[in-house]
Amino acid sequence: MLLILVVLAGATAIIVFNSAGESENSQPLIAKITIESCEGGLYGVGPTAERVRLEENRIVLMHEGGDSLPFDTVSVIISGHGNSFKGDVGEGGTSVEGNTEVLYKHLNPKEKNNTYVNRNSAVLEDNLWDVGEKLILCGQDSSKYINSSVKVSVNGGFNTSDNYGFKAGSEIIVKIIDVKSSNVIAQQRAIVKHAD
């Protein structure tokens with residue numbers, strides 16, 4: 001009887017210990033992320049003076065406090081009035097404009113354009129977005145040569161080049177999301193300044 005009691009007590013202690021460890025590891029990430037700058041414009045449409053290149057659409061995000069964010073399990077959603085292309089940019093593609101949503105499935109360099117890696121090399125080094133570090137997102141982070149981890153939809157249609165521009169003078173909303181818990185870590189709004 002005593003042996004059974006000892007075994008049951010041990011099993012209960014193991015279950016409680018494992019549950020405590022799991023809940024501690026599954027705590028949602030908390031961080032303060034701000035938009036340091038947001039520049040851009042629509043790509044290839046409108047008066048020539050107002051047009052910008054894809055790479056001139058830049059959003060600089062600053063980690064100002066809280067948890068270090070693992071690039072593998074954090075995603076970013078950017079929404080606002082923007083444009084993309086159906087087909088290949090520069091090879092007869094057609095511009096589509098309207099309600100635009102950009103999804104960065106994750107923030108690591110996998111399945112992104114090499115310029116993303118070059119711009120963010122210091123931040124990407126340890127695979128964590130730490131306090132004091134900037135992350136720069138750009139309208140040309142996707143590459144047509146790979147299965148991109150950057151997905152762009154315009155007016156609900158996903159058959160785009162996965163590159164993007166946001167209209168100068170319009171408002172965008174940026175959400176940073178913890179993929180594991182599906183929690184929004186941070187949400188910021190910004191007005192897009194025309195890229196010079």
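Residues numbered from 1 in each chain as written. Predicted model: local features only at pLDDT ≥ 70, side-chain atom pairs only at ≥ 80, totals over all residues. Heavy atoms only, no water.

Peer 1: Is there a simple way to think about the pattern of salt bridges in this case?
Peer 2: Close approach of charged atoms lets side chains of opposite charge pair. Applying the stated rule across the entire model yields six salt bridges. One salt bridge connects Asp 141 with Arg 119, and the closest N-O pair in it is separated by 2.3 Å. Taken as a pair, Asp 141 in the loop between strand 7 (134–138) and strand 8 (150–154) and Arg 119 in helix 2 (residues 114–119) lie far apart in primary sequence, 22 residues in all. The residue Arg 189 makes a salt bridge to Glu 171 at a minimum N-O spacing of 3.0 Å. Of this pair, Arg 189 sits in strand 11 (residues 183–191) while Glu 171 sits in strand 10 (residues 171–178), and the two are 18 residues apart along the sequence. (Salt bridge = Lys/Arg side-chain N within 4 Å of Asp/Glu carboxyl O. Helix = DSSP H or I, 4+ residues; strand = E, 2+ residues; numbered from the N terminus.)

Peer 1: How do you make sense of the sheet that holds strand 12 (residues 193–194) when you look at a structure like this?
Peer 2: In a beta sheet, neighbouring strands pair by backbone hydrogen bonds and run either parallel or antiparallel. An order of 7-2-1-12 is seen for the four strands of this open sheet, with the pairing classed as mixed. Looking at strand neighbours, the two that pair on one side only are strand 7 and strand 12, the edges of this open sheet. When strand 1 (residues 31–40) meets strand 2 (residues 58–66), the two strands line up antiparallel, connected through eight bridges. By the bridge assignment for strand 2, Lys 32 is matched with Gly 65. (Pairing = 2+ DSSP bridges.)

Peer 1: What should I look at first to understand the packing of aromatic side chains in this one?
Peer 2: For any pair of aromatic rings, the description rests on two quantities: the centre-to-centre distance and the angle between the ring planes. Here the structure, examined in full by the defined rule, presents two aromatic pairs. Looking at Lys 112, its charged tip hangs above the ring of Tyr 116, at a distance of 5.2 Å from the centre. (Phe/Tyr/Trp six-rings, centres within 6.5 Å; stacked < 30°, edge-to-face > 60°. Lys NZ or Arg CZ within 6 Å of the ring centre and 35° of its normal.)

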